[in-house]
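# Structural description and commentary
This is what each chain is made of:
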Amino acid sequence: MTECPYCSFKGDRIFDDDLVSAVLPEHPAVPGHVMVIPKRHIQILEQSPEDVVTALFDAANRISVALFEGLKAQGTNIVLMNGLAAGQKVPHLSVHVLPRVKDDGLNFSWPTRKLSDDQMMLIESQIREQAFDLGLPAVGSGKEENHVEEERPRLDIPKKSGKPDYFLDNLNRMP
């Protein structure tokens, strides 16, 4: 059996904790492309325990902020290729954080499709059934109907003098 290149990665790490590492891939899609990988050999997201999923996406979010600040990125893509059909090349879970600037040559658009109402209803019921089986609350269970969205308090954080701060500027941004 061939050794996993992500498990045996020997290069520099941008970030490292008990569960995940952030590394620069050998063949980046764009300058500043960072991969966040679990330290344990996990092939796909579904095999990952909740603490590793949390650590992966927390690190990806922090790396995204670092790319905005450090490389002056205008945007980021956070990409997870989950399985061969999704383009995963190495059988080890990884989250890719890609800094984006206008006209950088990357293309993440795909053609959309029009499905019939019957196809949409079938797909919706299949996904909803599996989601319910996995413990997500069912639509119509009453839980979401009683949920009242609380207004999120705005944070009044003073800016650093003269220097824009992407992280602080976006604390009040509504998703």
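It should be noted that the structure appears before, not after, this text.
Residues numbered from 1 in each chain as written. Predicted model: local features only at pLDDT ≥ 70, side-chain atom pairs only at ≥ 80, totals over all residues. Heavy atoms only, no water.

This part is about the nonpolar core. Of all hydrophobic cores here, the largest spans 15 residues; its most connected members are V20, V36, L56, I63 and V97. Only β2 (20–23), β3 (34–38), α1 (50–70) and β5 (95–100) provide two or more residues apiece to this core. With seven residues, α1 is the largest single contributor of residues to this core. Setting aside chain neighbours within four positions, we find L56 in contact with V20, V36, I37, P38, L93 and V95. (Core = buried A, V, L, I, M, F, W, Y, C linked by side-chain atoms within 4.5 Å. Buried < 20%, exposed > 50% of the residue type's maximum accessible area, 1.4 Å probe, protein only. Helix = DSSP H or I, 4+ residues; strand = E, 2+ residues; numbered from the N terminus. Contact = heavy atoms within 4.5 Å.)

This part is about the sheet that holds β5. Here we have five strands laid out as an open sheet, ordered β1-β2-β3-β5-β4, and antiparallel in their pairing. If you trace the sheet from one side to the other, it starts and ends with β1 (13–16) and β4 (75–79), each paired once. On average, each strand axis in the sheet is inclined to that of its neighbour by 20 degrees, with strand direction left out of account. (Pairing = 2+ DSSP bridges. Axes fitted to C-alpha atoms, helices over the stretch in contact; angles between N-to-C directions.)

So, about unusual backbone geometry. Unusually for a residue other than glycine, K72 sits at a positive phi of about 60 degrees. With respect to the helices and strands, K72 occurs in the loop between α1 and β4. Although it is not a glycine, D103 adopts a positive phi angle of roughly 60 degrees. Mapping D103 onto the fold places it in the loop between β5 and α2 (117–133).

For α1, which comprises 21 residues, the first-to-last C-alpha distance of 30 Å matches the rise-based estimate of 30 Å (1.5 Å per residue) to within 8%. Residues of α1 that are buried: V52, A55, L56, A59, A60, I63, S64, V65, L67 and F68. Phi turns positive one or two residues past the end of α1, at K72, with a value near 60 degrees. (Expected span 1.5 Å × (residues − 1).)

It is worth spelling out the layout of surface pockets at this point. Put simply, the largest pocket is a space of about 460 Å³. Y6, P25, M35, V90 and H96 are, among the 19 residues lining the largest pocket, the residues nearest its centre. Among the residues making up the lining of the largest pocket, the classes are represented as 10 nonpolar, seven polar and two charged. (1 Å grid on protein atoms, 1.4 Å probe; cavity = no way out; pocket = protein on both sides within 12 Å on 5 of 7 lines; lining within 4 Å. Points joined across faces, edges and corners; volume = space filled by probe spheres on them. Nonpolar A, V, L, I, M, F, W, Y, C, P; charged D, E, K, R; others polar.)

This part is about the pairing of β3. Most of β3 is tucked away, with five of its five residues classed as buried. Going residue by residue along β3, you find V34, V36 and P38 tucked away on one face and M35 and I37 tucked away on the opposite face as well. As judged from the three bridges shared by β3 and β5, these two strands associate in the antiparallel manner. By the bridge assignment for β5, M35 is matched with H96.

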